[in-house]
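For reference, the chains in residue letters:
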Amino acid sequence: LMFDTIFTQFGGYPLTILDRAARSFLTFVVPLAFMAWVPATVLLDRTEELPIPASLAWASPLVGAVLLWVAFRIFQRESRHYQSAGS
């Protein structure tokens, strides 16, 4: 729920309007920036605005794929331990 709120509140804005700490948090802790801001900035050739090197920015689709794979593996592992509440 917290991450959904973060995405809803900050997902529609470019991260350049936020201070450096907030940009770093939304780029590295909650990788919101890798879903929209980083790819859009690369495609618009404005990589000087990014807090990461341009070469890493170009790899953002790969970062997304890796995070998707990690989430899927966690889901698989945890679903083996799922127990229904019944009914």
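Before reading further, recall that the structure is shown in the block above.
Residues numbered from 1 in each chain as written. Predicted model: local features only at pLDDT ≥ 70, side-chain atom pairs only at ≥ 80, totals over all residues. Heavy atoms only, no water.

A. Region of interest: helix α2 (residues 20-29). Three or more residues of α2 are buried, namely R23, L26 and T27. End-on view of α2: buried residues confined to an arc of 95°, all on one side of the axis. Exposed side chains of α2 directed beyond 90 degrees from the buried face belong to A21 and V29. Lining the buried residues of α2 we find α1 (2-10) and α3 (37-43). (Buried < 20%, exposed > 50% of the residue type's maximum accessible area, 1.4 Å probe, protein only. Helix = DSSP H or I, 4+ residues; strand = E, 2+ residues; numbered from the N terminus. Arc of directions from axis to C-beta. Contact = heavy atoms within 4.5 Å.)

B. Seen up close, a nonpolar patch on the surface. Where nonpolar side chains cluster on the molecular surface, the patch consists of L62, V66, W69, V70 and I74 and spans about 480 Å² of accessible area. Here V70 is to be found in helix α5 (residues 60-79). (Patch = residues over 30% accessible without salt bridge, like charges linked within 9 Å, V, L, I, M, F, W, Y side chains within 5 Å. Areas by Shrake-Rupley, 256 points an atom, 1.4 Å probe, with all protein chains shown as cover. Salt bridge = Lys/Arg side-chain N within 4 Å of Asp/Glu carboxyl O.)

C. Structural context of the pattern of salt bridges. What the rule picks out here adds up to two salt bridges. Linking E78 and R77 is a salt bridge whose minimum nitrogen-to-oxygen distance equals 3.0 Å. Residue classification places E78 among the partly exposed positions, given a relative accessible area of 41%.

D. Structural detail: the side chain of R23. Relative to the elements of secondary structure, R23 occurs in helix α2. Although R23 lies buried, it forms no salt bridge, and the closest oppositely charged side chain, D19, sits 6.9 Å away as judged by the N-O distance. What R23 contacts, discounting residues up to four positions off in sequence, is L15, T16, L18 and W37. (Lys, Arg positive; Asp, Glu negative; His and termini not counted.)

E. Focus on the layout of surface pockets. Estimates place the volume of the largest pocket at around 250 Å³. Of all the secondary structure elements, the ones that give two or more residues to the lining of the largest pocket are α1 and α5. A per-element tally of the lining of the largest pocket places α5 first, with seven residues. Residues that form the lining of the largest pocket fall into these classes: 14 nonpolar, one polar and no charged. (1 Å grid on protein atoms, 1.4 Å probe; cavity = no way out; pocket = protein on both sides within 12 Å on 5 of 7 lines; lining within 4 Å. Points joined across faces, edges and corners; volume = space filled by probe spheres on them. Nonpolar A, V, L, I, M, F, W, Y, C, P; charged D, E, K, R; others polar.)

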